[in-house]
Amino acid sequence: QVQLVESGGGLVQAGGSLRLSCAASARVFSGATVGWFRQAPGMEREFVATIRWSGVDTLYTESVKGRFTISRDNAKNTVYLQMNSLKPEDTGVYYCASAPVWDEAVDRSLRYKYWGQGTQVTVSS
């Protein structure tokens, strides 16, 4: 059954903003690290950002630092990705995923056990 559901994607002009949401079942959310990955057409899936269960620790890929903010509301089993100053190169399908631990490999997709279906983000120039 679906354990993580992304929403909030869409079409936006360069410089605009979007906020993605990842709603998860308690089973895959409780205690978990939750990350966002993206995949552009013809490209491999890449890490975007991740957040530890406590919400205190976060990690971002270099290209989104200062523009994207990841946060979570554990009472709602939801993680958010606020994306500002969007660029055409941010275009892709955005996936959220959960991992059971926070360690030195939290930027690697293999660390994540459960994945959502993805939401499309398109940034026009």
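Residues numbered from 1 in each chain as written. Predicted model: local features only at pLDDT ≥ 70, side-chain atom pairs only at ≥ 80, totals over all residues. Heavy atoms only, no water.

> Help me understand the nonpolar core in this model?
Burial of nonpolar side chains together is a common tendency in soluble globular proteins. Ranked by internal contacts, the top residues of the largest apolar core, which has 25 residues, are Trp36, Leu81, Met83 and Tyr94. Contributions of two or more residues to this core are made by strand 3 (18–24), helix 1 (26–29), strand 4 (33–39), strand 5 (46–51), strand 7 (68–73), strand 8 (78–83), strand 9 (92–99) and strand 11 (119–124). Here Leu81 is in contact with Leu18, Arg19, Leu20, Trp36, Val48, Ala49, Phe68, Thr69, Ile70 and Tyr94, once residues within four sequence places are set aside. Formed by six residues, the second largest nonpolar core is a distinct cluster that contains Phe37, Phe47, Ala99 and Tyr112. (Core = buried A, V, L, I, M, F, W, Y, C linked by side-chain atoms within 4.5 Å. Buried < 20%, exposed > 50% of the residue type's maximum accessible area, 1.4 Å probe, protein only. Helix = DSSP H or I, 4+ residues; strand = E, 2+ residues; numbered from the N terminus. Contact = heavy atoms within 4.5 Å.)

> Would you explain the sheet that holds strand 3 in this entry?
Whether parallel or antiparallel, the strands of a sheet pair through hydrogen bonds between backbone atoms. Here we have four strands laid out as an open sheet, ordered 1-3-8-7, and antiparallel in their pairing. In the strand order of this sheet, the two ends are held by strand 1 (4–7) and strand 7, each with one partner. Along the sheet, successive strands turn relative to each other by an average axial angle of 15°, direction set aside. With six bridges connecting them, strand 7 and strand 8 associate as antiparallel partners. By the bridge assignment for strand 8, Ile70 is matched with Leu81. (Pairing = 2+ DSSP bridges. Axes fitted to C-alpha atoms, helices over the stretch in contact; angles between N-to-C directions.)

> In this structure, what is going on with the state of the cysteines? I would like to understand it.
Here a disulfide denotes a covalent bond joining the sulfur atom of one cysteine to the sulfur atom of another. Scanning the model with the defined rule gives one disulfide in all. Across the disulfide from Cys22 sits Cys96; the S-S distance is 2.1 Å. The sign of the 65° torsion about the S-S bond sets the Cys22-Cys96 disulfide as right-handed. Of the two residues, Cys22 sits in strand 3 while Cys96 sits in strand 9, which places them 74 residues apart along the sequence. Residue Cys96 is classed as buried on the basis of its relative accessible area, which comes to 0%. (Disulfide = S-S within 2.5 Å.)

Remember that the coordinates give geometry; whether it matters functionally is a separate question.
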